[in-house]
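Each chain, letter by letter, is given below.
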There are 2 protein chains.
Amino acid sequence: MSESSVPNGPNPAMIFETLNAYQRTGALRAAIELRMFSVIHDRPKNAGEIARECNASVRGIRILCDYLTVLGFLAKSEQDYSLTPTSALFLDEASPQYMGAMARFVASDEMIRIFGGVTGAVRRGGTLLPDGGSTKLDYEPWIEFAESMAPLMMPSALFIASLVSERFGQRPIRVFDIAASHGQFGLSIVRQNPASTIVAQDFAPVLTVTQRNVEQAGLLDRYEFLPGDVMTIDYSGSFDCILLTNFLHHFSQSVCEALMRRLKERLNPGGMIVTLEFVPNENRISPPIPATFALTMLMTTGEGDAYTFAEYRRLFENAGFHSNQLLDVPQSPSRIIVSSV
Amino acid sequence: MSESSVPNGPNPAMIFETLNAYQRTGALRAAIELRMFSVIHDRPKNAGEIARECNASVRGIRILCDYLTVLGFLAKSEQDYSLTPTSALFLDEASPQYMGAMARFVASDEMIRIFGGVTGAVRRGGTLLPDGGSTKLDYEPWIEFAESMAPLMMPSALFIASLVSERFGQRPIRVFDIAASHGQFGLSIVRQNPASTIVAQDFAPVLTVTQRNVEQAGLLDRYEFLPGDVMTIDYSGSFDCILLTNFLHHFSQSVCEALMRRLKERLNPGGMIVTLEFVPNENRISPPIPATFALTMLMTTGEGDAYTFAEYRRLFENAGFHSNQLLDVPQSPSRIIVSSV
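What you are looking at is a predicted structure, and each value in this text was computed from that prediction instead of being measured.

## Digging into the overall build of chain A
In terms of regular secondary structure, chain A is built from 16 helices and 10 strands. Whereas a compact globule of 341 residues would reach a radius of gyration of roughly 20 Å, chain A reaches 22 Å, a difference of no more than 12%. When the backbone C-alpha atoms are referred to their principal axes, chain A occupies close to 65 × 50 × 35 Å. Relative to its full complement of 341 residues, chain A shows a buried share of 62%. Long-range contacts, defined as pairs at least 24 residues apart, comprise 67% of the intrachain contacts of chain A with a sequence gap of at least 6. When the accessible surface of chain A is summed, it comes to about 12,900 Å², and 51% of that surface belongs to carbon and sulfur atoms. When the 28 positive and 36 negative side-chain charges of chain A are each reduced to one mean point, those points stand 1 Å apart.

Laid out in structure tokens, this is it:
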């Protein structure tokens, strides 16, 4: 809705739109739940047609479609609505890149409820959730994360697999996939290099989802599953590659450093640690998605943050990793740090 | 956060940001609740200083300030945060145009809860709230609206007063202020024309707020208060000017038309009805604020809508108003229709 923003000078509309921003979440989530984008699919349809196929009211569909047209998820011509490039590629279930399911994690009732309490968390300096929030062993939303976030992570997973392939070629490597979740990071590596084996670690209920995805991929024979908390768990052997994807931001810098020290002991000579993160620039106010991600860490963890590259590099160096390379992930707001001893 | 938007081509960030939009609401609401903009006021301060004065944690304040910098409500230089033109004029309590209180209505827990149910309301074609939602006689949020929305309405109130003054000069006129709420529309007229008298109507608990504001303005002697439902209430006499501010959008077109017929009988010769509304363009997808407002009507009313000017004109003409002039309100997303017989 940036059309209404006046970049120079005071702009009350900006306040009104920001205070109303929760409505955008509600509208897009509803369109996904109603399968509206899948119903419109490949030809323009009017509100009556869409309503019939979505099993909804014409009035409701017309108002929701107009709202989503303002947001850029639909195009309107006369009385007909059609998909835009973004909704066609990512919100139509017929697309192989469909990622609508992520609404169930990103815009869950629980997350929306949590963000009703920003004032309290800012006063306290950390999450108001019990037991440290999302870092506790049985934090339920991680099951939904594993179920629904894989499509959003595919560009990162493919990019990581290409980095691993660049380093190791088709050699038989052993990979430690920490907080494996949906499993796509490890799976992408195995698909590129069938000689690799993956040790997938996560909390037990989440690892059930990982295992199911590995089974569906027909790659169970390349996997070992390690349920538990990576900070304290026992595991054997050493690794050529260790994946830390969307993980370190949940913890304080000292906890991250302690983990890195521990992992260094299990890294084979010539091995690499691949860290996938939201890494804001040093000013912490850009780019938008990594910079604003810090608030999610405030709301859901005790001590997590969106760390800058300078912060990661310092703590990685403290832990004994003297080569740390920052890379942008194509088509993703995430970045990667490749670390070696 | 429009920097991250890619206007051409598929853009998954747009989906991620929209599903996360509720976080913007939570962040701005918290900053208002913490009085952060008032604390920063007229000089740059670092997170430590702001935290001390806001009685909050440094970590929480730093993360919240960075978030609001990304959104454009703060500017950051080195480690110091300062107000932007928008936050200085509208979010610092020391400003006479402070409008932060509107968060209590626009971004209330209740409204956020309601917008968790867009799917259900789209299926049904109307609000899921009991008794028709916001049109029922004792809908509690109208008290909060009256308490907190006056500053946002001031540009419209002053513009309406100038229109009334243009038409009637300083003649003693009788004004019917329907759904008077905070009372600023009637009050602005009386301030420009002390010979005018206002009949202020609203539900009884809301009218208590109106009356308090009129009393504080020292203008009780110009007022008559009429509690009840304007659709069914008895009232005496006739009017030179009738104000329908933010009112008609709650109802079906046929209810609006019936009300206009009734009001026509009470309009003096040469009189005018002033309708203040969110009026989208005929395509219903612009400008952004009026176009998206229809969703609020879906969620909170049985039959309300953001009607286009063509729709208003048709139903006003049906009711006997043959002159209907559409005007933009300066510095506001609202529009005005001036109707005469």
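## Brief notes about helix α5 (residues 58-71) of chain B
Residues and elements named next belong to chain B. Counted at 1.5 Å a residue, the expected span for α5 with its 14 residues is 20 Å, and the 20 Å between its end C-alpha atoms agrees. Sitting at the head of α5, S57 places a side-chain oxygen 3.0 Å from the backbone nitrogen of G60. G72 lies just past α5 and shows a positive phi near 95 degrees.

## Here's the deal with the interface of chain B and chain A
Contact residues are listed per partner, giving 87 residues for chain B and 88 residues for chain A. When the two sides are added together, the surface that chain B and chain A hide from each other amounts to roughly 7,400 Å², 71% of it contributed by carbon and sulfur. Summed over the shared surface of chain B and chain A, the number is two salt bridges. Two residues, R62 of chain B and D305 of chain A, come together in a salt bridge whose shortest N-O distance is 2.4 Å. Taken together, the connections running from chain B to chain A amount to 38 residue pairs in polar contact (both at pLDDT 80 or more). Where the side of chain B that touches chain A is concerned, the elements lending two or more residues are α1 (12-19), α2 (22-33), α5, α6 (85-90), α7 (103-106), α8 (109-114), α9 (118-124) and α15 (288-300) of chain B. Along the lines of polarity and charge, the residues of the side of chain B that touches chain A split into 48 nonpolar, 25 polar and 14 charged.

## As for the sheet that holds strand β3 (residues 80-83) of chain B
Note: strands within a sheet are paired through backbone hydrogen bonds, in either parallel or antiparallel orientation. Residues and elements named next belong to chain B. Strand order in this open sheet of three strands is β1-β3-β2, and the pairing throughout is antiparallel. Looking along the sheet, the strands with just one partner apiece sit at the ends: β1 (45-46) and β2 (74-77). Relative to β3, β1 runs antiparallel, the two being bridged by two bridges. Residue pairing in the sheet places N46 in a bridge with D80 of β3. Here α5 sits on the sheet in contact with β2 and β3, set at roughly 110 degrees to β2.

## Brief notes about the packing of aromatic side chains
Applying the stated criterion across every chain yields a total of 28 aromatic pairs over all chains. Judged by centre distance (5.5 Å) and plane angle (20 degrees), the ring pair of Y223 of chain A and F225 of chain A falls under stacked. Look at Y235 of chain B and F239 of chain B: their rings are 6.2 Å apart centre to centre, the planes differ by 55 degrees, and that puts the pair in the tilted class. One exposure class covers both Y235 of chain B and F239 of chain B, and it is buried. Members of the aromatic cluster, each reached through a chain of ring pairs, are F105, Y139, W142 and F145 of chain A.

## Points about unusual backbone geometry
All names here are of chain A. The omega angle of the peptide bond from S286 to P287 is -20 degrees, so this bond is cis rather than trans. Tracing the backbone shows P287 in the loop between β8 (267-277) and α15 (288-300). Its identity as a non-glycine residue notwithstanding, R35 has a phi of 60 degrees, on the positive side. Here R35 is to be found in the loop between α2 (22-33) and α3 (36-40). Phi angles above zero are rare outside glycine, and R284 is one such case at about 65 degrees. Overall, the relative accessible area of 12% leaves R284 in the buried class.

## Quick word on the sheet that holds strand β5 (residues 197-202) of chain B
All names here are of chain B. Taking strand neighbours across the sheet as the criterion, the seven strands line up as β6-β5-β4-β7-β8-β10-β9 in an open arrangement whose pairing is mixed. A single partner strand is all that each edge strand has here, and the edge strands are β6 (223-227) and β9 (323-328). The sheet shows a mean angle of 15 degrees between the axes of neighbouring strands, direction not considered. Two strands pair when backbone bridges link them, and β9 and strand β10 (residues 335-340) are joined in this way by six bridges, in the antiparallel orientation. Each residue of the ladder has a partner; that of S323, found in β10, is S340. Strand contacts of helix α12 (residues 184-192): β4 (174-178), β5, β6, β7 (239-245) and β8 (267-277), with the helix running at about 140 degrees to β7, the strand carrying the most contacts. Across the sheet, helix α16 (residues 309-318) is in contact with β8, β9 and β10; its angle to β9 comes to roughly 150 degrees.

What counts as what
Per-chain numbering applies: the sequence of each chain, read as written, is numbered from 1 onward. For naming, the first written chain is A and the first written ligand is 1, with later ones following in the order written. Per-residue local features are limited, in this predicted model, to residues with pLDDT of at least 70; the limit for side-chain atom pairs, both in listing and counting, is 80 or more; totals at the level of whole chains, interfaces and linings are taken over all residues. As a rule here, side-chain values cover all heavy atoms of the structure and leave hydrogens and water aside. Only DSSP runs of H or I with at least four residues qualify as helices, and only runs of E with at least two residues qualify as strands; both kinds are numbered from the N terminus onward. Note that the radius of gyration is over C-alpha atoms, with the globule rule given as 2.2 Å times the number of residues to the power 0.38. Accessibility here uses a 1.4 Å probe with only protein chains present; expressed as a share of the type maximum, an area under 20% marks a residue as buried, one over 50% as exposed, and anything in between as partly exposed. The contact rule is simple, with two residues in contact once any of their heavy atoms fall within 4.5 Å. In short, Shrake-Rupley with a 1.4 Å probe defines the accessible areas, and a residue's cover is counted only from the protein chains shown. His is not counted, nor are the chain ends, whereas Lys and Arg count as positive and Asp and Glu as negative. Note that the charge is assigned to NZ on lysines, CZ on arginines, CG on aspartates and CD on glutamates. Multiplying one less than the number of residues by 1.5 Å gives the expected span of a helix. Within 3.5 Å is the distance limit for a polar contact, defined as a pair of N or O atoms, with the added protein rule that one can donate a hydrogen and the other accept it, and that residues adjacent in sequence qualify only through two side-chain atoms. A 1.4 Å probe defines the accessible area here, and the buried area is the portion of it lost by two parts on being joined, summed over both. Here, a salt bridge means any side-chain nitrogen of Lys or Arg that lies within 4 Å of a carboxyl oxygen of Asp or Glu. Residues are grouped as follows: Ala, Val, Leu, Ile, Met, Phe, Trp, Tyr, Cys and Pro are nonpolar; Asp, Glu, Lys and Arg are charged; all remaining types, including Gly, are polar. Note on pairing: DSSP must find at least two bridges between two strands before they are called paired. Angles shown run from 0 to 180 degrees and are taken between the N-to-C directions of axes, each axis being a line fitted to C-alpha atoms and, for helices, limited to the stretch in contact. Pairing of aromatic rings covers Phe, Tyr and Trp, the last through its six-membered ring, and needs centres within 6.5 Å; plane angles under 30 degrees mean stacked, over 60 mean edge-to-face, and all others mean tilted.

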